[in-house]
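Next come the chains, spelled out residue by residue.
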Amino acid sequence: MRELTYVARRTVEWREAPDPKLQSAGQAIVAPLAATSCDVDSSILAGHGFIDPPFALGHECVARVVETGDAVTAVAPGDLVVVPWSINCGTCERCRAGLTAHCTAVPYMAMYGAPIGGNWGGLFSDLVRVPYADAMLVPLPAGLDPVAMASASDNWSLAWRLIAPHLKARPGARVLVVARGSIGLYVCDIARALGASEVLYVDPDPEHRTLARAFGAATAETLDPIPQGYDIAVEATGRVDQLALTVKSLTPEGICESAGNHFRPGELPLLDMYLTGVTLRVARDNVRAHIPDALELAASGRVAPEKVVSHVFDWEDLPTALPEKHLKPVFVRVED
């Protein structure tokens, strides 16, 4: 089989690899059909990652189940499934607590798309081994488009977690979104659908701002802090200076979720945060625990994740099209 391999800044190529084989009765082999780049992939391709190439890339896809072990009961060959980005067993103490990004059955930070916590391959591959099929794979609900939901492995479900639980606890909250990619746009869509009274989306990209306005958000090119302006804030830029501006706009006891990958250091206004009483969470997502709820919202018709898909490319175009700058390209393989 082939796996798309990151080899240098803005450079990827197909490389041959052995076909994955089942290694236990609880595993599955899947074939990605609609795969997309995560916002962090864009940083890696731009040369801002912290892992040296080469390595197999990709950690967001909807796939077709090709083969399952005898002990697998949740899915069967032929099923369409969402493949979560992190590897998790589903049975350790942390997995049972919903902390699926911190599974103790595998090396710490085990994931697809980067050789962290072992080499698990990438989801821009012809075939992928899923080590814990029942724990990891989530059937795609009937009627949902695999292209629209290619990001359910990470960014779509992460966006749900960044905003949905907070709006449930604070109905009608005012929401600030400071972003550079798909995560922030998904948050805008979800926030309005779940009853935010106001959404401000901040992004220097005019096309992104146009899309945010289509989701009912007000927009701005840059952020001038609005003291005590917003109840909930989501920062997804990976830039500490933008996170600092974001937390300065929170109401007393406001909540800020930071989904940016902070590869570069910086300083936060800790005294201001202390005086306001800010809750700040900076974290990778325990995505497997949130995929079902995120898919349920997508299936409700109240949101439109397909609008964030900027381009649809053929699977064979991955080496040339992936390094280009696109908001949310989806690569589709035609089934035989």
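Thresholds applied
- Residues numbered from 1 in each chain as written.
- Predicted model: local features only at pLDDT ≥ 70, side-chain atom pairs only at ≥ 80, totals over all residues.
- Heavy atoms only, no water.
- 1 Å grid on protein atoms, 1.4 Å probe; cavity = no way out; pocket = protein on both sides within 12 Å on 5 of 7 lines; lining within 4 Å.
- Points joined across faces, edges and corners; volume = space filled by probe spheres on them.
- Helix = DSSP H or I, 4+ residues; strand = E, 2+ residues; numbered from the N terminus.
- Nonpolar A, V, L, I, M, F, W, Y, C, P; charged D, E, K, R; others polar.
- Expected span 1.5 Å × (residues − 1).
- Buried < 20%, exposed > 50% of the residue type's maximum accessible area, 1.4 Å probe, protein only.
- Pairing = 2+ DSSP bridges.
- Core = buried A, V, L, I, M, F, W, Y, C linked by side-chain atoms within 4.5 Å.
- Contact = heavy atoms within 4.5 Å.
- Right-handed = clockwise from strand over helix to strand, strands pointing away.
- Salt bridge = Lys/Arg side-chain N within 4 Å of Asp/Glu carboxyl O.
- Phe/Tyr/Trp six-rings, centres within 6.5 Å; stacked < 30°, edge-to-face > 60°.
- Lys NZ or Arg CZ within 6 Å of the ring centre and 35° of its normal.

Draft legend 1. The arrangement of the layout of surface pockets in detail. The space that makes up the largest pocket amounts to roughly 910 Å³. Residue lining of the largest pocket: 36 residues in total, with Asp39, Ser42, Ser43, Arg180 and Gly181 positioned closest to the centre. Among the elements that take part in the lining of the largest pocket, helix H1 (residues 39-45) stands out by supplying 5 residues, more than any other. Class assignment for the residues of the lining of the largest pocket results in 12 nonpolar, 14 polar and 10 charged. Its boundaries defined by the atoms lining it, the second largest pocket holds a volume of some 560 Å³. Put simply, the parts of the chain that give the lining of the second largest pocket at least two residues each are H1 and helix H4 (155-169). For the lining of the second largest pocket, the element with the highest residue contribution is H1, accounting for 4 residues.

Draft legend 2. Representation of helix H5 (residues 182-193) in the model. Taking 1.5 Å of rise per residue, 12 residues should cover 16 Å, and H5 covers 17 Å from first to last C-alpha, within 8% of that figure. The buried fraction of H5 is high, at 11 of 12 residues. All of the buried residues along H5 are Ser182, Ile183, Gly184, Leu185, Tyr186, Val187, Cys188, Asp189, Ile190, Ala191 and Ala193. Gly195 lies just past H5 and shows a positive phi near 95°.

Draft legend 3. Expanded view of the pairing of strand S5 (residues 61-68). In this structure, strand S3 (residues 28-36) lies alongside S5, joined through 7 bridges in antiparallel fashion. Among the inter-strand pairings, Ala28 is bridged to a residue of S5, identified as Thr68. Both S5 and strand S6 (residues 80-82) contribute to a ladder of 3 bridges, which runs antiparallel. What sits directly across from Ala63, in S6, is Val81.

Draft legend 4. Highlighting the nonpolar core. The biggest cluster of nonpolar side chains holds 92 residues, and the ones touching the most others in it are Val30, Leu57, Val83, Leu137, Met149, Trp156 and Leu295. What Trp156 contacts, discounting residues up to four positions off in sequence, is Met149, Ser151, Tyr186, Asp189, Ile190, Ala294, Leu295, Ala298, Val303 and Pro305. Of all hydrophobic cores here, the second largest spans 13 residues; its members include Leu223, Tyr230, Leu243 and Cys256.

Draft legend 5. Structural view of the pairing of strand S9 (residues 174-179). For S9, the buried fraction is high: 5 of the 6 residues fall into the buried class. Judged from the 5 bridges that link them, S9 and strand S10 (residues 198-202) form a sheet pairing that is parallel. Counterpart to Val175 in the pairing with S10 is Val199. Regarding the hand of the β-α-β motif, the stretch spanning S9, H5 and S10 is right-handed. By the bridge criterion, 5 bridges tie S9 to strand S12 (residues 230-236) in an arrangement that is parallel. In the strand pairing of S12, Val177 is matched with Val234.

Draft legend 6. Spotlight on the pattern of salt bridges. Tallied over the full model, the rule gives 9 salt bridges. Here Arg161 and Glu257 are joined by a salt bridge, their closest N and O atoms 2.7 Å apart. In this pair, Arg161 is assigned in helix H4 and Glu257 in strand S13 (residues 250-258), connecting sequence segments 96 residues apart. Grouping residues by exposure puts Arg161 and Glu257 together as buried. Residues Asp285 and Arg161 are paired through a salt bridge, measuring 3.0 Å at the closest nitrogen-oxygen approach. Taken together, the residues span a long stretch of sequence, with Asp285 in the loop between strand S14 (279-282) and helix H9 (291-299) and Arg161 in helix H4 at a distance of 124 residues. When sorted by exposure, Asp285 lands in the same class as Arg161, which is buried. When salt bridges that share partners are traced, they join Arg2, Asp126, Glu316 and Arg333 into one network.

Draft legend 7. The arrangement of the packing of aromatic side chains in detail. Taken as a whole, this structure holds 5 aromatic pairs when the rule is applied. With 5.2 Å between their ring centres and 85° between their planes, Trp156 and Tyr186 make a pair best called edge-to-face. Taken together, the residues Trp156 in helix H4 and Tyr186 in helix H5 connect sequence positions 30 residues apart. We classify Tyr186 as buried; its relative accessible area is 1%. A network of ring pairs unites the aromatic residues Phe124, Phe313 and Phe331 as a single cluster. Above the plane of the ring of Tyr108 lies Arg284, whose end atom (NZ or CZ) is 5.8 Å from the centre.

Keep in mind that these numbers describe shape and distance, not what the molecule does.
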